[in-house]
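Reading the structure
Spelled out from the first residue to the last, the chains are:
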Amino acid sequence: MNGASRPASPGLNEKILFWASFATLIAAGIGFSVRGAIVKDWGQQFGFTQAELGTINGGGLWGFGLAIIFFSFLADRFGYGKLMLVAFLFHASSAVLTFAATPVYNAYGKAAAFTCLNLGMWLFALGNGTCEAVINPLTATLFPRNKTHWLNILHAGWPLGLILGAVILLGFNHSGETIRWEYKLGVFLVPVLAYGLLMFNRPFPRSEADAAGVSMADQMGTVGMVGVAAAVGLFGLTLNTQILPLVGKAAGTAFPQWVGWAGAGVVWAGYAVVTRFAFGSLLILFLYVLHALVGYVELGTDSWITNITERVLENQNTALMAFIWTNLLMFTLRFFAGPIVHKINPVGLLFASALLGTAGLYMLGMPFTSSVWPWVAAVTVYGIGKTFYWPTLLGVISERFPKGGALALGLSGGTGMLAAGLLGSPGIGYKQDYFAVEKIKSTSPATYDRYKAAEASGFPLVTELAPAEAPPVAGLDNAKLKVFDDYKGSIKKVWAAVQDKAPAEKLPRVLTDGTGGTRDVGLVVDDKAVHVPVTFVTRAEYKTIAEEAKKSGKEPPALLETTLQSDLATLEKSKSEGKSVESKLEETLTQLRTWWVGQGEPAFSTDEQKLDEARTYGAKTALMYTAAVPAVLAVGFLLLILYFAATGGYKPVELAGHTPADPRDRYGAPAEHWGR
């Protein structure tokens, strides 16, 4: 069948495959969106620092990158259908392991929960990466004449997933009940099931390069030794910071740094041998480095933005609404990317995006964006800027290096994901810790001593190369901050009742583990210090108050307690009923209560404003410093514009022997290029 005999519009099978591919990104987006919001729950439940949470988030990205690269080598050999089955199994198993974190923590403590969540995020990332290794070259094959346009539409599934995840969280928040994070995260399994059913037993086309007779060795040679260097370097960093430490911990040993780099060197040498030492292209290396920076700034920032917005605006629902708005903007713009790309050209679009991304992040770090509307304005600028980075870069690589096939696209996306997971998410978490600690040390060293984490964390790779510029930092302990936040929330509720002129007998009571009675508690409200008259009661005292109210036919006042107090009460009840209680959990919670009663609560009024200022300062300053990354991107894209201007302008490269004979024929691979 020749090119002229192919249909003038996509057939049913092509549509199903495309929209099933779209659903895989919805699944990835929902998981990413929900995880970004529940990361605080993990910190509070398991006592992780921001840097540790960033490492978990990073596992959800760097594993993504490894999977894209690894399965890109297998896509043409085994076929797209088999890889999508592997992706489905990865996604399902990730849910099982992640949901096991709570019982594992109860049995074995914080370190075990960290491992559980980290491995769960890896499996989720491997599922996402396997999908990405398939859907990008699949879309380029289905729509060979309009690659950049359709890749942008495909990747509109990502912000749609982020939007759906945020809407789901808003729904849970408005339910009026406390919903466990496991239920929130579990929603991502719905689109996983959808893409699994849509792709089950369906014929897939061969890739554009495979159909043209380009072997895997030829695809590798197109990238070449120099082109693959960026991915190999990040693989060495993955070995040193992620894989070897886990293996060493299990084996009771520690690997020196050279082992990871030696492993990466072996991979690079093997690649060179297979390609017969083909040099490749400096241009594709440059594009891969740019994609690494895109991964750092886009996905690294996205993994934190909801958490940071909530910190700055002090309202989770407002943070989710801002998140929905920016991703709705991205979803809409990606769907209509075709006319934009036609008017500007892909590289010009990337340059304009980088300028907007720089401006948006810098604005988010400025003092004036500390209220709702200035913040929304800044995230709008940032949102427009980040919209076209990822799919447009993939389009440029596919158009300029079609002979690289699925491998060239996979190495690009994998490099971006590895950079996001290894450097972006942990790096932005580190910067929050660093600047928050810098602030609180300058304003209240005693507060820092009370709330600092037990261990210090550094900026991956950067701390090793430049320890003076990025020294390890002991951030603020989120388990302690959870008790602080709960207690502050209780005091604010009492203040609200006082402002509403509720009678004394109706004012909420606050549970205490010490001495009861009424006393003033200092609180900062709208930047003003107020004194809140709080009645503290023990659990036994509140029981008496409740019984007396019941005898009088009245409703007892509300009892406000921290999550820590509630958890300890649950343990006591279980013990009184003869049920087994995990000793590790009881020890951890008891130590936290001892710290709060002896250090945290007595200094609450002193610490409150200092802690809030430091946490907000750390979050905003981290974003301001991150603006340097899209600034570097802007320089890189400007250099590309000058390069293409000097070489005859930007033009897609056509793969000989595969271009459709009829230029009006824009859709699909020919029938003989379809298979299982």
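Computed from a predicted model, the values in this text were never measured in an experiment.

This part covers the overall build of the protein chain. Helix and strand counts for the protein chain stand at 29 helices and six strands. Scaling as 2.2 N^0.38, a compact globule of 676 residues should have a C-alpha radius of gyration of about 26 Å, and the protein chain matches this with 27 Å. Taking the principal axes of the C-alpha coordinates as reference, the protein chain spans close to 90 × 55 × 50 Å. When burial is assessed residue by residue, the protein chain has 56% of its 676 residues classed as buried. Summarising the internal contacts of the protein chain: among those between residues at least 6 apart in sequence, 84% fall at separations of at least 24. Distance between charge centres in the protein chain, computed from 53 positive and 50 negative side chains, equals 4 Å.

Together, Val635, Leu638, Leu639 and Leu642 give the surface a local cluster of nonpolar side chains, amounting to about 360 Å² of exposed area. Within the element layout of this structure, Leu638 appears in helix α29 (residues 628-646).

This brings us to the packing of helix α4 (residues 80-99) against helix α5 (residues 101-108). At a minimum axis distance of 5 Å, the contact between α4 and α5 shows a crossing angle of 35°. Mapping the contact onto sequence places Leu97, Thr98 and Phe99 in α4 and Ala101, Thr102 and Pro103 in α5. Of the residues that constitute the contact of α4 with α5, the class distribution is four nonpolar, two polar and no charged.

Attention now moves to helix α20 (residues 389-400). The end-to-end C-alpha distance of α20, which contains 12 residues, comes to 16 Å, matching closely the 16 Å that a straight helix rising 1.5 Å per residue would cover. Residues Tyr389, Trp390, Pro391, Thr392, Leu393, Leu394, Gly395, Val396, Ile397, Ser398, Glu399 and Arg400 constitute the buried set of α20.

The subject of this paragraph is empty space enclosed by the protein. According to the stated counting rule, one finds six cavities of 30 Å³ or more in the structure shown. Empty space within the largest cavity amounts to approximately 100 Å³. Lining the largest cavity we find Leu25, Phe64, Glu132, His155, Trp158, Glu298, Leu299, Arg334, Trp390 and Met417.

Further remarks concern the environment of Gly65. In this structure, Gly65 sits in helix α2 (residues 50-72). Judged by its relative accessible area of 0%, Gly65 is buried. The sequence separation of Gly65 and Ala420 amounts to 355 residues, and the corresponding C-alpha distance is 8.8 Å. Discounting chain neighbours no more than four positions away, the residues touching Gly65 are Gly414, Met417 and Leu418.

Moving on: the nonpolar core. With 175 residues, the main nonpolar core has Trp42 and Trp375 as its most contacted residues. If you tally residues by element for this core, the top one is helix α1 (residues 12-46), at 17 residues. The contact partners of Trp375, leaving out residues within four places of it in the chain, are Ile305, Ile308, Thr309, Val312, Leu313, Leu364, Thr369, Lys620 and Leu623.

A word on the sheet that holds strand β3 (residues 517-525). The pairing of strands in a sheet happens through backbone hydrogen bonds and is either parallel or antiparallel. With respect to topology, four strands assemble into an open sheet ordered β3-β4-β2-β5, the strand pairing being mixed. The outermost strands of the open sheet, each flanked by one partner alone, are β3 and β5 (559-560). With three bridges joining them, strand β2 (residues 509-511) and strand β4 (residues 528-537) adopt parallel strand pairing. Bridge pairing in β4 places Leu511 opposite Val537. Sheet strands touched by helix α25 (residues 539-551): β2, β4 and β5. Its angle to β4, the strand with the most contacts, is close to 80°.

This part covers unusual backbone geometry. The bulk of non-glycine residues show a negative phi, and the bulk of peptide bonds are trans. Of note, Lys501 is a non-glycine position whose phi angle comes to about 60°, a positive value. A positive phi angle, near 65°, is found at Asp527, a position not held by glycine. Mapping Asp527 onto the fold places it in the loop between β3 and β4.

Now for the pattern of salt bridges. As enumerated under the stated definition, the model contains 12 salt bridges in all. Residues Asp486 and Lys482 are paired through a salt bridge, measuring 3.0 Å at the closest nitrogen-oxygen approach. Remark: Lys482 and Asp486 occur in helix α24 (residues 478-499); sequence separation between them is four residues, near one turn of the helix. Residue classification places Asp486 among the buried residues on the basis of a relative accessible area of 17%. Arg615 is the salt-bridge partner of Asp485, the closest N and O atoms lying 3.1 Å from each other.

The subject of this paragraph is the side chain of Thr562. With respect to the helices and strands, Thr562 occurs in the loop between β5 and α26 (563-576). For Thr562, a relative accessible area of 5% translates into the label buried. Excluding anything up to four places from it in sequence, Thr562 contacts Val483, Asp486 and Tyr487.

For the structure on display, the rule yields 22 aromatic pairs. Summarising the aromatic geometry, the rings of Trp19 and Phe22 are spaced 5.1 Å apart at their centres and angled 75° between planes, so their arrangement reads as edge-to-face. One end of the pair, Trp19, and the other, Phe22, are both in helix α1, three residues apart, so they sit about a helical turn from each other. Ring geometry for Phe124 and Phe188: centres 5.2 Å apart, planes at 85°, overall edge-to-face. With Phe124 in helix α6 (residues 110-142) and Phe188 in the loop between α9 (181-185) and α10 (189-199), this residue pair connects regions lying 64 residues apart in the sequence. Of the two residues, Phe124 and Phe188, both sit in the buried class. Site record: aromatic cluster; members linked through ring pairs are Tyr451, Phe484, Tyr487, Phe536, Trp595, Trp596 and Phe604. Lys439 extends its terminal NZ or CZ atom over the ring of Tyr617, reaching a point 5.3 Å from the ring centre. If you follow Arg519 out to its NZ or CZ, it ends over the ring of Phe536, 4.0 Å from the centre.

Attention now goes to the pairing of β3. Across nine bridges, the pairing between β3 and β4 is antiparallel. Residue pairing across strands places Gly517 opposite Phe536, the latter belonging to β4. Counting the residues in the hairpin turn of β3 and β4 gives two residues, including Asp526, whose phi is positive at 50°.

With 33 residues, α6 ought to run about 48 Å at 1.5 Å a step, and its terminal C-alpha atoms sit 47 Å apart, in line with that. The buried fraction of α6 is high, at 26 of 33 residues.

What follows is about the environment of Ala292. Turning to its location among the elements, Ala292 is positioned in helix α15 (residues 282-313). Residue Ala292 is classed as buried on the basis of its relative accessible area, which comes to 15%. When the C-alpha positions of Ala292 and Gln599 are compared, they lie 44 Å apart, and in sequence the two are 307 residues distant. With residues near it in sequence (within four places) discarded, Ala292 still touches Thr415, Gly416 and Ala419.

What counts, and at which threshold
Residues numbered from 1 in each chain as written. Predicted model: local features only at pLDDT ≥ 70, side-chain atom pairs only at ≥ 80, totals over all residues. Heavy atoms only, no water. Helix = DSSP H or I, 4+ residues; strand = E, 2+ residues; numbered from the N terminus. Rg over C-alpha atoms; globule rule 2.2 N^0.38 Å. Buried < 20%, exposed > 50% of the residue type's maximum accessible area, 1.4 Å probe, protein only. Contact = heavy atoms within 4.5 Å. Lys, Arg positive; Asp, Glu negative; His and termini not counted. Charge placed at Lys NZ, Arg CZ, Asp CG, Glu CD. Patch = residues over 30% accessible without salt bridge, like charges linked within 9 Å, V, L, I, M, F, W, Y side chains within 5 Å. Areas by Shrake-Rupley, 256 points an atom, 1.4 Å probe, with all protein chains shown as cover. Salt bridge = Lys/Arg side-chain N within 4 Å of Asp/Glu carboxyl O. Axes fitted to C-alpha atoms, helices over the stretch in contact; angles between N-to-C directions. Nonpolar A, V, L, I, M, F, W, Y, C, P; charged D, E, K, R; others polar. Expected span 1.5 Å × (residues − 1). 1 Å grid on protein atoms, 1.4 Å probe; cavity = no way out; pocket = protein on both sides within 12 Å on 5 of 7 lines; lining within 4 Å. Points joined across faces, edges and corners; volume = space filled by probe spheres on them. Core = buried A, V, L, I, M, F, W, Y, C linked by side-chain atoms within 4.5 Å. Pairing = 2+ DSSP bridges. Phe/Tyr/Trp six-rings, centres within 6.5 Å; stacked < 30°, edge-to-face > 60°. Lys NZ or Arg CZ within 6 Å of the ring centre and 35° of its normal.

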